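Chains, contacts and geometry: an overview
Now for the letters of each chain:
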Amino acid sequence: MKKMKRLVAVLLVGIMALAMLTACGVIPSAPSMRDTALERDVAQWTVEWGKNQNLTLTLDPELTEISNKCLPTAVKAENARLTSPIDPNAHFDAVNKREKVFAEAKKGKTAALVPVTFTSEIEVTKDTLADAVSKMDVPSNLEQAGVYNPTKFGVTVTKQKEYTLVLFVVSE
């Protein structure tokens, strides 16, 4: 009986240690739920939009990977924005963290991060995306990042309960 108690105690200690480590991942589970079908559509719409603006935009896998690395912190920033009346500093801190992760992910590359958020009531379509981007000051964002002649982009999309986040990375 005494050996059985020791065995149970050792097993419980092991289970508790494993349980503590489960939250130690870099990417939380929710942001890893990328909507790849919508990503393909957004990429196609972006290329078409570029042609209409006399820009030759191409989807770049390296920039998409940078966007993917930034997606978890971008989701945290959006979640913090939604709760900012409760904790105003949370959004500021989350945006700073997103920018830090972006700076590390781009490894000195000249690129701009352009998050576009849609509430869950709005379906992301070619028209709603174009409308949302037209209401943003994207040229200033690009220029501030040193991107004066955008030619390449990467994009990731995640659908959360309250919103859909389209995260662009744009470069020359």
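First, a word on scope: everything that follows refers to the structure included in this document. For clarity, every value in this text was computed on a predicted model and none was experimentally measured.

Before going further, it helps to examine the nonpolar core. Core analysis: the largest hydrophobic core is formed by 21 residues, its most contacted members being Val42, Val116, Val155, Val166 and Phe168. Listing elements by their share of this core, those giving two or more residues are helix H2 (36–52), strand E2 (111–119), helix H5 (126–134), helix H6 (138–144), strand E3 (152–159) and strand E4 (163–171). Discounting residues that sit within four places of it in the chain, valine 42 has contacts with Val124, Leu129, Val155, Val157, Val166 and Phe168. Judged by nonpolar contacts, the second largest core, of 15 residues, contains Ala74, Val75, Phe102 and Ala111.

Moving on to the pattern of salt bridges. Following the criterion strictly, the structure yields 7 salt bridges and no others. Among the salt bridges present, the one from lysine 135 reaches aspartate 131, with a minimum N-O distance of 3.1 Å.

The next thing to look at is the sheet that holds strand E1 (residues 58–59). In spatial order, the strands read E1-E3-E4-E2; together these 4 strands make up an open sheet with mixed pairing. Among the strands making up the open sheet, the edge pair consists of E1 and E2. Sheet strands touched by helix H3 (residues 61–82): E1, E2, E3 and E4. Its angle to E4, the strand with the most contacts, is close to 140 degrees. Helix-sheet contacts for helix H4 (residues 88–106) involve E2 and E4, and the interaxial angle to E2 is about 135 degrees.

Trans peptide bonds make up most of the peptide bonds, and negative phi angles are found at most residues other than glycine. Not every positive phi belongs to a glycine, and asparagine 54 is a case in point at roughly 60 degrees. As for its placement among the helices and strands, asparagine 54 is situated in the loop between H2 and E1. The phi torsion at lysine 107 lies on the positive side, around 50 degrees, for a residue other than glycine. As for its placement among the helices and strands, lysine 107 is situated in the loop between H4 and E2. Given a relative accessible area of 68%, lysine 107 falls into the exposed group.

Most of E3 sits inside the fold, with 6 of its 8 residues counted as buried. In this structure, E3 lies alongside E4, joined through 8 bridges in antiparallel fashion. Each bridged residue has a counterpart across the sheet, and for threonine 156 the counterpart in E4 is leucine 167. If you look at the hairpin formed by E3 and E4, you'll find 3 residues sitting between the two strands.

Here the focus is the packing of H3 against H4. At a minimum axis separation of 8 Å, H3 and H4 run at an interaxial angle of 175 degrees. The pairing of H3 with H4 is recorded here as roughly antiparallel in orientation. Taken together, the residues of H4 that come into contact with H3 (itself represented by Ile66, Lys69, Cys70, Thr73, Ala74, Lys76, Ala77, Ala80 and Arg81) are Ala90, His91, Ala94, Val95, Lys97, Arg98, Val101, Phe102, Ala105 and Lys106. Class assignment for the residues of the contact of H3 with H4 results in 11 nonpolar, 2 polar and 6 charged.

The rules behind the values
Residues numbered from 1 in each chain as written. Predicted model: local features only at pLDDT ≥ 70, side-chain atom pairs only at ≥ 80, totals over all residues. Heavy atoms only, no water. Core = buried A, V, L, I, M, F, W, Y, C linked by side-chain atoms within 4.5 Å. Buried < 20%, exposed > 50% of the residue type's maximum accessible area, 1.4 Å probe, protein only. Helix = DSSP H or I, 4+ residues; strand = E, 2+ residues; numbered from the N terminus. Contact = heavy atoms within 4.5 Å. Salt bridge = Lys/Arg side-chain N within 4 Å of Asp/Glu carboxyl O. Pairing = 2+ DSSP bridges. Axes fitted to C-alpha atoms, helices over the stretch in contact; angles between N-to-C directions. Parallel < 35°, antiparallel > 145°, perpendicular 65-115°, else oblique. Nonpolar A, V, L, I, M, F, W, Y, C, P; charged D, E, K, R; others polar.

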